[in-house]
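For reference, the chains in residue letters:
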Amino acid sequence: MPTSAHVVIIGAGIVGVNLADELTARGFDHVTVVDQGPLPTTGGSTSHAPGLVFQVSPSKTMTELARYTVEKFMSLDLDGQWCFNQVGGLEVATTPERLADLHRRHGWLTSWGVEGTVIDPEECVRLHPLLNRDEVLGGLHVPTDGLAKAARVVVALTRRAQSRGARFQGSTRVVAIEQSGGRVTGVRTQDGVLPADIVVCCAGFWGRAVGGLVGMEIPLLPLAHQYAKTGQVGELVGRVDELREADLPILRNQAADLYFRQLGDRVGIGSYGHRPMPARLSDVDGREVTATSMPSMLPFTEEDFAPAWERCKQLLPALASAKVEEGFNGIFSFTPDGGPLIGESPDVRGFWIAEAVWVTHSAGVAKAVAQLLTDGRSEFDLHGCDVHRFEDFQLADEYVEETSAQNFVEVYDLLHPLQPRLSPRNVRVSPFHERQVQLGAVFLEGGGWERPYWYEANAPLVAQLPSAWIPPEREAWAGQFHSPIAAAEAWRTREAVAMYDMTPLPRLAVSGPGALALLERLTTGKMDKPVGAVTYTLALDEAGGIRSDWTVARLGPDEFQVGANGHLDLDYLQRQLPADGSVQVRDITGGTCCIGLWGPAARDVVQPLTRDDFSNEGLRFFRARRAHIGGVPVVAMRLSYVGELGWEIYTSADKGLRLWDVLWAAGQQHGVIAAGRAAFNSLRLEKGYRAWGHDMTTQHNPYEAGLGFAVRPDKGEFVGRDAIAGLSAENVSRRLSCLTVDDGHSVVLGHEPVFLDGNPVGYVTSAAFGHTVGKPIAYAWLPGSATAGSSVEIEYFGRRIPATVAKEPLVDPEGTRIRR
């Protein structure tokens, strides 16, 4: 987007003013910021934000966004007054489980490059003398955390953006978004139309209403969160002057759903330990903005805060002599998965949103959006922030309200990486679901799909496992979504045959006379192959980062099936469609289903059921064909994500149950079993198969990720080709590397830091126990100097686990099993 474009930002809170600052810093000279409230205190969430900035997160992206926010706010002042008070952050543990989790959280910080230390109770009390030593078992101290003075930041950034030409208009209500030819042309207010090439909605919890002006569904729920301020606390009297406000670290006790900040000789307290309190815009719209009342501040409900106040006095005994003098229920935004919402409308070009953003990540999100508008990409991996990660069913009001409220409840909970939603469930089930239930499937949930992780019907196989296949015991917490049955399912896949439900993996139909040209332009692989060819390929961004990886099957001259990673791929393809209508893209996932039939006996199961030739010569590896199996019309693709002979077998959803029954009956004499995701993940890591979004993202290029084989630079132009020219596996500075754990039993979870020569140098992306090789496996980003045989250490819940860089793949490196 040229910097001469007219940009209108709706919302003058902490996100909107940050974006104005970022855009004007990049040379945009026609930036207007409007807000329905008065300036600078508009009455939105920013106006009452307590300002605590904790950088720790299991998400690398969220920590990076927070770190940039800290760095930017530290560089600001307002007439000599601080905008960010770097008092540090302290999270305390009051239970052994929480103390163990602090070690895990410290590992995340180390992985993402932020300094932090797990400290003992005495050091906790030294840093924060109000703490009850008898309550605290330890703490996590992050020196660079601190307090953002949000209202002050807004003024400082407003002035800076104004000095570069930005205009700010308060008391300006947006009533419509002007459009022409599918693009925004302006923003209509009560005073007239502001011309615009780009409109960015940073309206906070009003975002859904603003999105509705262009028909864009924005999945956020305004929820009230309690914040209280005490009267004078004796122990704090005279500690700091009024201007500084605080010298104690910001404090969090997540087990009690509480956080604290110093306010001179008073204490501010935030609580998540109450019922979800959704707020309706109709109840707050039009409320006057004053120092003590504004639309985003609802009346304080003392009865909801009473239990929290008792916990406060237990943790900070000095509060026993103080009283809660004031409080409010402050509104801010939650989403179905807790992440922010960034992206452009699918229907109205030029209409963007940056919503559900907390002060903690505000400057980082603004920078990311400015980069998207300027360069078409961001340095941050935004796949977990992109609003188009949600599918249509996840945009329904009922889904948004239930899941967002549950995220509020769980915001400080200890959640396992595999923790499934308890509700809503059975939103999406495959045609095989009835049979899976009969086999005792243990379902977890992902993307609304019920996904079998293992089958209790296979429990008797555990006693039959050869000694080399018997898995080690798992720790109670880490192993709560694990079963040794997964080992039995992996064993039967390697030794006999297993059926995997691959239905939840997204499938897109790309067709039309322009389909080939489109896919050639968007992918690194050669698409102009004979009908029946299947190609593993990458979709890159302009900088050579891996936007996604696809498996593309050519089913006809102008007909392709794309095995994708999620709704983001559909959104991307739709945005790239030629204007002449020569290409159509459809999501066919819900109308189709897929069984992965894999194992050395797979051909013995299939061939008697069909008149089509499923021999190695009749259907080669990475080839597809239409066929009939047991009378069911299918598309069979000779692929395997587990490294064994077999096919992905697709049919329409209405025929799925018949396909399952036919294969199941024919497989009985060959020992067929149903197998779940736990075995699947183990087997794919043994073969070194990558999972986009975990192992690689837009922050990595193909050669770093070990996927250079999927790049065909000689095929002609494609997106990202110039950016990766000259790169190779030999000249990259970092690599996605395979590790095996030396002790043979410690299975890590992912996101743990990896140490080389005592220094943190990378982090784990995926991990599982390798049942075939009999040891834990982890994939990790490491410097190029770490080669096969190098000794490293993985920090897991505070202890260092020795591991070794291994040559990959660990199983069948020649690929003979998969091609027999």
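Residues numbered from 1 in each chain as written. Predicted model: local features only at pLDDT ≥ 70, side-chain atom pairs only at ≥ 80, totals over all residues. Heavy atoms only, no water.

Caption draft 1: Layout of the overall build of the protein chain. Helix and strand counts for the protein chain come out as 20 helices and 43 strands. The C-alpha atoms of the protein chain give 28 Å as radius of gyration, which agrees with the globular expectation for 820 residues (28 Å, within 12%). For the protein chain, the spread of C-alpha atoms along the principal axes amounts to about 85 × 65 × 50 Å. Taking all 820 residues of the protein chain together, 59% fall into the buried category. Within the protein chain, counting contacts between residues at least 6 apart in sequence, those at least 24 apart form 73% of the total. With 76 positive and 98 negative side-chain charges, the protein chain shows a spacing of 4 Å between the two charge centroids. (Helix = DSSP H or I, 4+ residues; strand = E, 2+ residues; numbered from the N terminus. Rg over C-alpha atoms; globule rule 2.2 N^0.38 Å. Buried < 20%, exposed > 50% of the residue type's maximum accessible area, 1.4 Å probe, protein only. Contact = heavy atoms within 4.5 Å. Lys, Arg positive; Asp, Glu negative; His and termini not counted. Charge placed at Lys NZ, Arg CZ, Asp CG, Glu CD.)

Caption draft 2: Here's a closer look at the packing of aromatic side chains. Counted by the stated rule, this structure contains 26 aromatic pairs. Between the aromatic rings of Phe332 and Trp358, the centroid separation amounts to 5.3 Å while the plane-to-plane angle is 45 degrees, which identifies the pairing as tilted. Note that Phe332 is positioned in strand E22 (residues 324–334) and Trp358 in the loop between strand E24 (351–355) and helix H10 (362–375), a separation of 26 residues in sequence. Between Phe334 and Trp358 the ring centres are 5.8 Å apart and the planes differ by 65 degrees, which places this aromatic pair in the edge-to-face class. (Phe/Tyr/Trp six-rings, centres within 6.5 Å; stacked < 30°, edge-to-face > 60°.)

Caption draft 3: The arrangement of the side chain of Thr360 in detail. Take Thr360: it is sitting in the loop between E24 and H10. On the basis of relative accessibility, which here comes to 8%, the residue Thr360 falls in the buried class.

Caption draft 4: Looking closely at the packing of helix H1 (residues 14–25) against helix H6 (residues 150–163). Where H1 meets H6, the closest approach of the two axes is 9 Å, and the angle between their N-to-C directions is 30 degrees. Between H1 and H6, the interaxial angle falls into the category roughly parallel. Two packed elements cross with a definite hand, and for H1 against H6 that hand is left-handed. The residues of H6 that touch H1, namely those facing Ile14, Val17, Asn18, Ala20, Asp21 and Thr24, are Ala150, Val153, Val154, Leu157, Thr158, Arg160 and Ala161. Residue composition of the contact of H1 with H6, by class: eight nonpolar, three polar and two charged. (Axes fitted to C-alpha atoms, helices over the stretch in contact; angles between N-to-C directions. Parallel < 35°, antiparallel > 145°, perpendicular 65-115°, else oblique. Left-handed = near helix turned anticlockwise from the far one by under 90°. Nonpolar A, V, L, I, M, F, W, Y, C, P; charged D, E, K, R; others polar.)

Caption draft 5: Just the pairing of E24, in detail. Counted residue by residue, E24 has five buried out of five residues, so it is predominantly covered. Of the two faces of E24, the one holding Phe351, Ile353 and Glu355 and the one holding Trp352 and Ala354 are both buried throughout. In this sheet, E24 lies alongside strand E15 (residues 198–201) in parallel orientation, the contact comprising three bridges. By the bridge assignment, Val200 is partnered in E24 with Trp352. Pairing of strand E23 (residues 341–344) with E24 involves four bridges; the strand directions are antiparallel. In the sheet register, Ile342 faces E24, and the bridge partner there is Ala354. A loop of six residues connects E23 with E24, the two strands running antiparallel in sequence, and Gly350 in this loop sits at a positive phi of about 90 degrees. (Pairing = 2+ DSSP bridges.)

Caption draft 6: Quick look at the pattern of salt bridges. Summed over all chains, the structure comprises 44 salt bridges. The partner of Asp397 in a salt bridge is Arg208, with the nearest N and O atoms 2.5 Å apart. In this pair, Asp397 sits in helix H11 (residues 397–409) while Arg208 sits in helix H7 (residues 207–212), placing the two residues 189 residues apart along the sequence. Classification of Asp397 by relative accessible area gives partly exposed; the value is 40%. Residue class for Arg208 comes out partly exposed when judged on its relative accessible area of 25%. The partner of Glu717 in a salt bridge is Arg721, and the shortest N-O contact between them spans 3.0 Å. (Salt bridge = Lys/Arg side-chain N within 4 Å of Asp/Glu carboxyl O.)

Caption draft 7: Structural view of the sheet that holds strand E3 (residues 52–53). The strand order across the open sheet formed by three strands is E3-E10-E6, and the pairing between neighbours is antiparallel. The sheet terminates laterally at E3 and strand E6 (84–85), the two strands that pair on one side only. As defined by bridge partners, E6 adjoins strand E10 (residues 146–148) across two bridges and the pair is classed as antiparallel. Bridge assignment links Phe84 to a residue of E10, and that residue is Ala148.

Caption draft 8: Spotlight on H11. For H11, which comprises 13 residues, the first-to-last C-alpha distance of 18 Å matches the rise-based estimate of 18 Å (1.5 Å per residue) to within 8%. For H11, the full list of buried residues reads Tyr399, Val400, Thr403, Ser404, Ala405, Asn407 and Phe408. (Expected span 1.5 Å × (residues − 1).)

Caption draft 9: Quick look at the nonpolar core. Grouped together as the largest cluster of nonpolar side chains are 51 residues, with contacts concentrated most on Ile9, Leu19, Leu23, Val31 and Phe73. Taken together, the elements giving at least two residues each to this core come down to strand E1 (7–10), H1, strand E2 (31–34), helix H3 (60–74), H6, E15, E24 and H10. Per-element tally for this core: the top contributor is H10, with eight residues. When near neighbours in sequence (up to four residues on either side) are disregarded, Phe73 contacts Ile14, Asn18, Cys83, Phe84, Ala148, Val153, Val359, Ser362 and Ala363. (Core = buried A, V, L, I, M, F, W, Y, C linked by side-chain atoms within 4.5 Å.)

Caption draft 10: Seen up close, the sheet that holds strand E33 (residues 592–598). Read across the open sheet, the six strands follow the order E34-E35-E36-E33-E27-E37; overall the sheet is mixed. Strands with a single pairing partner mark the edges of an open sheet, and in this sheet they are strand E34 (624–629) and strand E37 (673–675). Going across the sheet, the axis of each strand differs from the next one's by a mean of 30 degrees, ignoring polarity.

Caption draft 11: Local environment of H6. Along its 14 residues, H6 runs 20 Å from first to last C-alpha, staying within 8% of the 20 Å computed at 1.5 Å per residue. The complete set of buried residues in H6 reads Ala150, Arg152, Val153, Val154, Val155, Ala156, Leu157, Thr158 and Ala161. Of the residues trailing H6, Gly165 is marked for its positive phi of about 110 degrees.

Caption draft 12: The environment of Ala478, seen in detail. When you line up the elements, Ala478 lands in the loop between helix H13 (459–462) and helix H14 (485–495). We classify Ala478 as buried; its relative accessible area is 12%. Sequence separation between Ala478 and Leu749 is 271 residues, and the spatial gap between their C-alpha atoms is 7.4 Å. Discounting chain neighbours no more than four positions away, the residues touching Ala478 are His416, Leu749 and Tyr796.

Caption draft 13: Molecular detail of the state of the cysteines. The full count for this structure, using the stated rule, is zero disulfides. Among the cysteines around Cys202, which has no disulfide bond, Cys201 carries the closest sulfur, lying 6.8 Å off. Judged by relative accessible area, Cys202 falls into the buried class, the value being 7%. In this structure Cys312 is a free cysteine whose sulfur lies 17 Å from that of Cys124, the closest cysteine sulfur available. (Disulfide = S-S within 2.5 Å.)

Caption draft 14: Examining the packing of H3 against H10 more closely. The geometry of H3 relative to H10 is characterised by a closest axis approach of 6 Å and an angle of 105 degrees between their N-to-C directions. Overall, the two elements H3 and H10 adopt an arrangement that is roughly perpendicular. For the pair H3 and H10, the contacting residues are Leu65, Tyr68, Thr69, Lys72 and Phe73 in the first and Ser362, Ala363, Gly364, Val365 and Lys367 in the second. In terms of residue class, the contact of H3 with H10 is made up of five nonpolar, three polar and two charged.

Caption draft 15: The pairing of strand E42 (residues 791–796), seen in detail. Two strands pair when backbone bridges link them, and strand E39 (residues 753–756) and E42 are joined in this way by two bridges, in the antiparallel orientation. By the bridge assignment for E42, Phe755 is matched with Glu793. Inspection of the sheet shows E42 paired to strand E43 (residues 799–806) by six bridges, in the antiparallel sense. When the bridges of E43 are listed, Ser791 appears paired with Thr804.

As far as function goes, none of this settles anything; it's purely spatial.
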